[in-house]
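Descriptive structure summary
Here are the chains, one letter per residue:
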Amino acid sequence: MVASPNCDARPPRTAITLVVVHAISLPPGRYGGDAIERLFTNRLDAAAHPYYRDIAHLKVSSHFLIRRNGELVQFVPVARRAWHAGLSSWRGRARCNDFSVGIELEGSERSPFASIQYRRLRELVHALRRRLPIRDIAAHSDVAPDRKTDPGAHFDWARLLAGLTTP
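Residues numbered from 1 in each chain as written. Predicted model: local features only at pLDDT ≥ 70, side-chain atom pairs only at ≥ 80, totals over all residues. Heavy atoms only, no water.

1. Things to note about the overall build of the protein chain
Short version of the rule: A run of H or I in DSSP counts as a helix once it spans at least four residues, and a run of E counts as a strand once it spans at least two, with each numbered from the N terminus. The atom set for the radius of gyration is the C-alpha atoms, and the globule formula is 2.2 Å times the number of residues raised to the power 0.38. Contact between two residues is taken to exist if any of their heavy atoms lie within 4.5 Å; hydrogens are not considered. None of His or the chain ends enter the tally, which takes Lys and Arg as positive and Asp and Glu as negative. Charge positions come from single atoms, namely NZ of Lys, CZ of Arg, CG of Asp or CD of Glu.
Regarding its fold elements, the protein chain presents four helices and nine strands. For the protein chain, whose C-alpha radius of gyration is 15 Å, the value lies close to the compact-globule estimate of 15 Å for 167 residues. Overall size of the protein chain, expressed as C-alpha extent along the three principal axes, is 45 × 35 × 30 Å. When contacts within the protein chain are restricted to residue pairs at least 6 apart in sequence, long-range pairs at least 24 apart make up 70% of them. In the protein chain, 25 side chains carry a positive charge and 16 a negative one; their mean positions are 5 Å apart.

Structure below.
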């Protein structure tokens with residue numbers, strides 16, 4: 001685990017019922033490297049790339065990152081609230097960070113995701129469902145439609161959902 005400081009306690013007695021799927025690449029469209037880890041641990045060098053100037057100050061994280069090669073990295077324990085969804089709501093319920101698990105896929109809205117990422121995502125969702133009352137899986141764009149567009153049109157929802165059984 002790579003511990004992110006960008007988390008806090010969930011509200012008491014909050015059931016974790018939602019998985020939010022995100023996409024991230026830093027800089028945009030480039031894969032590999034340690035920029036995502038640096039962003040989630042508040043160590044991103046604003047001078048390392050022009051794009052970073054606008055994001056290095058952000059205090060964000062996710063519970064998990066699935067890299068292009070399928071490597072799974074955990075940043076925040078599932079019992080804690082990761083700061084991944086921001087201003088958000090799902091089915092009329094605000095503050096999705098309170099009741100969700102955030103999973104970032106290393107990728108871009110402009111290109112397909114890797115097969116191994118779908119396999120790892122299904123494995124992770126299965127594991128989470130064994131421990132938590134997960135009922136829904138949503139895109140970041142579903143919970144924050146006025147602000148976000150990820151994981152984007154190249155994310156194959158049918159491919160993910162075909163490998164999942166109903167809880």
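2. Remarks on the sheet that holds strand β8 (residues 100–106)
Rules: A pair of strands counts as paired when DSSP detects no fewer than two bridges linking them. Angles here are taken between N-to-C directions and fall from 0 to 180 degrees, while the axes themselves are lines fitted to C-alpha atoms, restricted in helices to the stretch in contact.
On the basis of which strands lie adjacent, the open sheet formed by five strands has the order β4-β3-β8-β2-β9 and mixed pairing. Unpaired on one side and paired on the other, β4 (72–74) and β9 (136–139) mark the two borders of the sheet. Pairwise comparison of adjacent strand axes, ignoring direction, gives a mean angle of 25° for this sheet. Pairing of strand β2 (residues 18–24) with β8 involves seven bridges; the strand directions are parallel. The partner of V20 across the bridge, within β8, is G102. Sitting on the sheet, helix α2 (residues 115–131) touches β2, β3 (64–66), β4, β8 and β9, and the angle it makes with β8 is about 165°.

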